[in-house]
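# Examination of the molecular architecture
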Amino acid sequence: MIRVKHRYLLVEATSSVQNEALLNELLNRIGTRYYAVNPRILNVRGSMVIRCSLDGLSELIVALSLIKSIGGKECAFYTIRSSGTIRALMSK
Amino acid sequence: MKYYDIVLDTCRFDSGFPGRLGFERVFSIKEGNHMLFIGSGKAKVLAAMQNGAVAVAITDFSLDKQGMARVADNGAILCVPVSYLARAGGLQQAKMLHRASYLVKYAYKKGIEVSFVSLAGSQMFMNSRMQLIELAKMLGTTEELARHGVSEANRKIIEAAGEGK
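Now for a look at the structure at hand. Note that the structure is predicted; figures quoted are calculated from it, not measured.

## Some remarks on the overall build of chain B
When helices and strands are counted, chain B shows eight helices and six strands. For chain B, the α and β elements follow one another from N to C terminus as β-α-β-β-α-β-α-β-α-α-β-α-α-α. Taken along its principal axes, the extent of the C-alpha atoms in chain B is 40 × 35 × 30 Å. Burial statistics for chain B: of 165 residues in total, 46% are counted as buried. Of the contacts made within chain B by residues no fewer than 6 positions apart, 59% connect residues no fewer than 24 positions apart.

What follows is the structure in structure tokens.
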């Protein structure tokens, strides 16, 4: 079985949003490629971390850049850095 | 490599914010600064070039070949204001992204230097270094050109405009 490589993305948000609402917004923006990007939202030591496939990293970053509101509520996302492991992501 | 961003002077943020976004510095610039033309329209672009603007940020991303020829002749920089892409939504945003992509590719073909800036009026519309580079790559640049567009090209504009904070 082929192992899917992942990337972890440290994200800063201007306001708190529900994970499901953000994933819905990403689904709207990425479209059918959503299942290839496969984003998963994690909470690591109080920070928002999004796990995605290595191939879908660029698409995820662009989609997050263009999100300015979710469900009528203003919200922006800044991608701080990415890494292959959570440990490296949080230690940088 | 050091990265820089340019925002409008109405944009407010705390001092540690640019560092978190991966920038060496974020410069603020007045909208009416004659060195950086922000707007659209063939006549306005030509007038800005005549007034010695070092960079043009075309806010509707429409391609005017005469204007771009003047930009190339003057050795000016084409700014891509990412916040204007983010402000639009839905189909309008898709159209703007397509126009921006076409404009960027045309600029590179004509030998015009391209820079990628957020040009945000508020903190909401600012972007991190990673986001600017990925957006630049999506618009049709290479990794190397994208990094140059967020670092050296932006520094040149600020040095010419002589503003910052």
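## Quick notes on the interface of chain B and chain A
Opposite the 13 residues of chain B that make contact, chain A presents 13 residues. Elements that contribute at least two residues to the side of chain B that touches chain A include exactly α1 (17-21) and α6 (129-138) of chain B. A per-element tally of the side of chain B that touches chain A places α6(B) first, with six residues.

## With respect to helix α5 (residues 90-109) of chain B
All names here are of chain B. The terminal C-alpha atoms of α5 lie 29 Å apart, and with 20 residues this matches the ideal 28 Å at 1.5 Å per residue to within 8%. Here α5 has its buried residues at Met96, Ala100, Leu103, Val104 and Ala107. Projected down its long axis, α5 shows its buried positions confined to an angular sector of 100 degrees, all on one face. With respect to the buried face of α5, the exposed residues turned more than 90 degrees away are Leu91, Ala94, Lys95, His98 and Lys109. The inward-facing, buried residues of α5 contact β4 (55-58), α3 (65-74), β5 (77-81), α4 (82-87) and β6 (113-117). Note on α5: the residue one or two positions beyond its end, glycine 111, has a positive phi of about 80 degrees.

## Things to note about the packing of helix α2 (residues 42-50) of chain B against α3(B)
Residue and element names in this part refer to chain B. Here α2 crosses α3 at 15 degrees, and the two axes come no closer than 9 Å. In this view, α2 runs roughly parallel relative to α3, as classed from their interaxial angle. The crossing of α2 and α3 is left-handed. Between α2, through Lys42, Val45, Leu46 and Met49, and α3, the contact on the second element is made entirely by Gln66, Gly67, Arg70, Val71 and Asn74. Taken together, the residues of the contact of α2 with α3 sort by class into four nonpolar, three polar and two charged.

## Brief notes about unusual backbone geometry
Unlike most non-glycine residues, A:Arg45 shows phi in positive territory, near 50 degrees. Along the chain, A:Arg45 falls in the loop between β2 (40-44) and β3 (47-53).

## As for the nonpolar core
Where a protein is soluble and globular, its nonpolar side chains tend to be buried together. Of all hydrophobic cores here, the largest spans 76 residues; its most connected members are B:Ala55 and B:Val56. Element by element, the count of residues in this core is highest for helix α3 (residues 57-66) of chain A, at six residues. In this structure, B:Ala55 is in contact with B:Leu36, B:Ala76, B:Ile77, B:Cys79, B:Ser115 and B:Ile157, ignoring residues within four places of it in sequence.

Basis of the calculations
- Residues numbered from 1 in each chain as written.
- Chains lettered and ligands numbered in written order.
- Predicted model: local features only at pLDDT ≥ 70, side-chain atom pairs only at ≥ 80, totals over all residues.
- Helix = DSSP H or I, 4+ residues; strand = E, 2+ residues; numbered from the N terminus.
- Buried ≥ 20, exposed ≤ 12 C-beta atoms within 10 Å, placed from the backbone.
- Contact = placed C-beta atoms within 7 Å.
- Expected span 1.5 Å × (residues − 1).
- Arc of directions from axis to C-beta.
- Axes fitted to C-alpha atoms, helices over the stretch in contact; angles between N-to-C directions.
- Parallel < 35°, antiparallel > 145°, perpendicular 65-115°, else oblique.
- Left-handed = near helix turned anticlockwise from the far one by under 90°.
- Nonpolar A, V, L, I, M, F, W, Y, C, P; charged D, E, K, R; others polar.
- Core = buried A, V, L, I, M, F, W, Y, C linked by C-beta atoms within 7 Å.

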